[in-house]
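What follows is each chain in one-letter form.
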Amino acid sequence: MNDEILKEKEELKPSISFIEQFIIEDLKAGKNEGKIITRFPPEPNGYLHIGHAKAICLDFGMAQKHGGKCNLRFDDTNPVKEDVEYIDSIKEDIHWLGFDWEDREYYASDYFGNLYNFAIELIQKGLAYVDDQPADLISSQKGTPSQPGIESPFRDRMADLNIELFGRMNKGEFEEGSHVLRAKVDMNSPNMHMRDPIIYRIIKSPHHRTGSKWNVYPMYDFAHGQSDYFEGVTHSLCTLEFEVHRPLYDWFIDHLKTDDYRPRQIEFNRLNLTYTMMSKRKLLELVQEGKVSGWDDPRMPTLCGLRRRGYTPESIKRFVDLIGYTKVEAINDVSLLEHAIREDLNIRSPRVFGVLNPLKVIITNYEEGKVENVELINNPEDEKMGKRLVPFCREVYIEQDDFLEIPLHKFFRLAPGMEVRLKGAYIIKCEGFKKNESTGAVEEVYCTYDPDTRSGGNISEKKVKGTLHWVSARHAVDAEVRLYDRLFNHEDPAGSKCDDYRTLLNPDSLKVLTGCKVEPSLGSAKPLDKFQFQRLGYFCVDYDSKPAKLVFNRTVQLKDTWAKLNK
RNA sequence: UGUCCCGUGGUGUAAUUGGCAACACGUCUGAUUCUGGAUCAGAAGAGUUCAGGUUCGAGACCUGACGGGACAACCA
């Protein structure tokens, strides 16, 4: 019996990723004195997206869970592409997710001196040389994945000359592109990265941290693995495409290490989401071409975009948890992300009334000028969130979708002769409506109410099938509501064979509604405040919102079985 | 034509390291509900790419095919 309970508990335990299994094995084996140090190494050349969140959760999460530390290290080896603007946003986004690197904010540029000395050392050992050939020649000599490369004529230059030339490169005596430093590895390797990779190039633009101190900068491959080594990183977690770089990193570390410590690199699959893409380059293009309003456009998969859309850090972490880490290149369904945010917001967000497409209802037998404050529960999932009063009077707005001249099968809302409850108030019956002769649009609906049916009272036993949200016409606050849909119509825009992903953009990804009516309690809502507009979805106050002019972003719709029925 | 990685319901992941495939999302029923939400109960859906082999026994191991991905930036 006990065994059964134990077994059940075992099954409830979330499974451990292959990466964590490796980590646990290493820890148990006493490697690195049983310590774990990881790092998150972004390049400051763009904003973080949800794919980075997956890496952040792993890097910080593993360290946290196993009593270690995670460093933040900016991989800033290319001054022409990088900018401090990005550094600030990256730090903000990591903190927003709930992770902290304390005082361990490092930069690859911190190690330029060490790296330079290491390069000299390699030259002295005859393991690196200055190549005077132009880029296109070097690249053609590299061969192809199926054909071996050709050795450079400068490959066997004397060490002294190499040192002299490398020194002059760094002094700025040569033009960009005229010389590079290459590691002497193996031009016949089946692994392209081992074919005498370029490890230093001349760049004369100033660096955001080191200014104009250097005229040569290490390539990523020459900086990344060594930076991990300098920091004492034990587990270097990265995405699948770096698998083929690993032998090169190992080659460098072999020539650098003084004992048996070396970082262990483990690769996992990157995060892909349906109907969007993660390429920083393409996201930048969308921003620059004005296809979206900025990096934080709520349709963007960036963390700042998701934040503005109304996503919570918890929901993102939960999502990352659900998709897991494997070695299979996968594409994740957005509906899982949407599930994660609904699940989170269902518990924490207060319910309110907001009418997106207002239709006026006049309750003909309700006293003119009378106002009743009806009591509504803020969140049925959490009693502690209390109740609020909402004004009710003779004229209210309901959703246009909630009225039909001729009811459809299984339509439980308002139509001539039908009864519905106005949530928290009374049951009303539709007696008639006014139609605009020329447009055919319904302009007003006339109803009567049953005074015995007020919510909370128990005079009437009357039951109705439908319950509508509403806003008192006299007390309503105007709002703008931005409805978002998927950015692309194609499930996998990055993977499609289409030559221009721009043609795959969803033209209806943004719909702006004005003249929406929301309940008066929302008048004081502040940017990033989150609500459930009852029966509609979750909404978040936008940065553009002002007390006089409210703006809401729709985070995600509520599940809508009626809409599904009508498909 | 090369090297490396990978191949489990529609999607994403599991399977205590060899013991007759589990979970989540999605889909579909039904119950319930003053949110057509949430909740609850249930259903359908893979025999693990294929073919051999090892074994009493294979999704796990071996071999080979097939399929997918990565790699040829003075990017990271």
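Scroll up to find the structure.
All residue numbers refer to position in the chain's written sequence, counted from 1. Note on labels: chains are lettered from A, ligands numbered from 1, in written order. With the structure being a predicted model, the display of local features is reserved for residues of pLDDT at least 70 and the display and counting of side-chain atom pairs for 80 or more, all residues being used for whole-chain, interface and lining totals. By convention in this description, side-chain values take in all heavy atoms of the structure and omit both hydrogens and water.

A. The packing of aromatic side chains, seen in detail. To pair, rings of Phe, Tyr and Trp, with the six-membered ring standing in for Trp, must have centres within 6.5 Å; the planes then decide the type, stacked if under 30 degrees apart, edge-to-face if over 60, and tilted in the middle. Scanning the model with the defined rule gives 33 aromatic pairs in all. With 5.6 Å between their ring centres and 55° between their planes, phenylalanine 411 and tryptophan 562 make a pair best called tilted. Residue phenylalanine 411 is located in the loop between β15 (395-399) and β16 (419-422), and its partner tryptophan 562 is located in helix α14 (residues 561-565); the two are separated by 151 residues in the primary sequence. Tryptophan 562 shares its class with phenylalanine 411; the two are buried. Ring geometry for phenylalanine 533 and phenylalanine 539: centres 4.2 Å apart, planes at 15°, overall stacked. We note that phenylalanine 533, like phenylalanine 539, is buried. Site record: aromatic cluster; members linked through ring pairs are Phe112, Tyr116, Phe118, Phe166, Tyr200, Trp214, Tyr217, Phe222, Trp251 and Phe252. The ring of tyrosine 275 has arginine 486 sitting right over it, with the charged end atom 3.7 Å from the ring centre. In this description a helix means any DSSP run of H or I spanning at least four residues, a strand means any run of E spanning at least two, and both kinds are numbered starting from the N terminus. Exposure is judged per residue with a 1.4 Å probe applied to protein chains only, and the accessible area is read against the type maximum: over 50% gives exposed, under 20% gives buried, and values in between give partly exposed. A positively charged side chain is recorded as over a ring if its NZ (Lys) or CZ (Arg) lies within 6 Å of the ring centre. The angle to the ring normal must also be within 35 degrees.

B. Structural view of the protein's contact with RNA strand B. Definition of nearness: a residue and a molecule or strand are near each other if at least one heavy atom of the residue lies within 4 Å of the molecule or strand. Contacts to RNA strand B come from 66 residues, most closely from Thr77, Arg351, Ser455, Gln532 and Arg535. Backbone sugar and phosphate groups make up 64% of those atoms of RNA strand B lying within 4 Å of the protein. Lysine 410 is positioned such that a nitrogen or oxygen atom in its backbone is 2.7 Å from a base nitrogen of RNA strand B. The backbone of glycine 456 places a nitrogen or oxygen atom 3.5 Å from a base nitrogen of RNA strand B. Looking at the surface near RNA strand B, the elements with two or more residues in it are β6 (198-202), α13 (334-348) and α14. Here a polar contact is taken to be a pair of N or O atoms separated by no more than 3.5 Å, where protein atoms must pair a possible hydrogen donor with a possible acceptor and residues adjacent in sequence count only if both atoms sit in side chains.

C. Structural detail: the pattern of salt bridges. Definition used for salt bridges: Asp or Glu carboxyl oxygen within 4 Å of a side-chain nitrogen of Lys or Arg. If you walk through the whole model with that rule in mind, you get 54 salt bridges. Across the pair glutamate 480 and lysine 549 runs a salt bridge, and its minimum N-O distance is 2.9 Å. Linking glutamate 480 in strand β21 (residues 477-484) with lysine 549 in the loop between β24 (537-541) and β25 (550-557), this pair joins segments that are 69 residues apart in sequence. Glutamate 480 sits in the buried class, given a relative accessible area of 11%.

D. Structural context of the pairing of strand β22 (residues 510-518). A strand pair is defined by DSSP finding two or more bridges across the two strands. Bridge count between strand β11 (residues 354-355) and β22: two bridges; the pairing is antiparallel. Paired with glycine 354 across the strands is valine 518, a residue of β22.

E. Summary view of the sheet that holds strand β2 (residues 69-74). If you trace the three strands from one edge of the open sheet to the other, you get β1-β2-β3, paired in parallel fashion. The two strands at the open ends of the sheet, each matched to only one other strand, are β1 (37-40) and β3 (105-107). The sheet shows a mean angle of 35° between the axes of neighbouring strands, taken without regard to direction. Both β2 and β3 contribute to a ladder of three bridges, which runs parallel. Looking at β3, one finds that arginine 73 is bridged to tyrosine 106. Contacts are residue-level and defined by heavy atoms, with any inter-residue pair within 4.5 Å sufficient. Axes here refer to lines fitted to C-alpha atoms; in helices the fit is confined to the stretch in contact. Angles between the N-to-C directions go from 0 to 180 degrees. Contacts from helix α3 (residues 50-65) reach β1 and β2, with the element oriented near 160° to β1. Against the sheet, helix α8 (residues 220-231) makes contact with β1, β2 and β3, and its axis sits at roughly 140° relative to β2, the strand it touches most.

F. Structural view of the environment of phenylalanine 252. Inspection of the secondary structure assignment puts phenylalanine 252 in helix α9 (residues 246-256). Overall, phenylalanine 252 belongs to the buried group, its relative accessible area being 0%. C-alpha separation for the pair phenylalanine 252 and leucine 122, spaced 130 residues apart in sequence, amounts to 9.2 Å. Among residues more than four places away in sequence, those in contact with phenylalanine 252 are Phe118, Leu122, Ala183, Ile199, Asp221, Phe222 and Gln226.

By themselves these figures say nothing about function.
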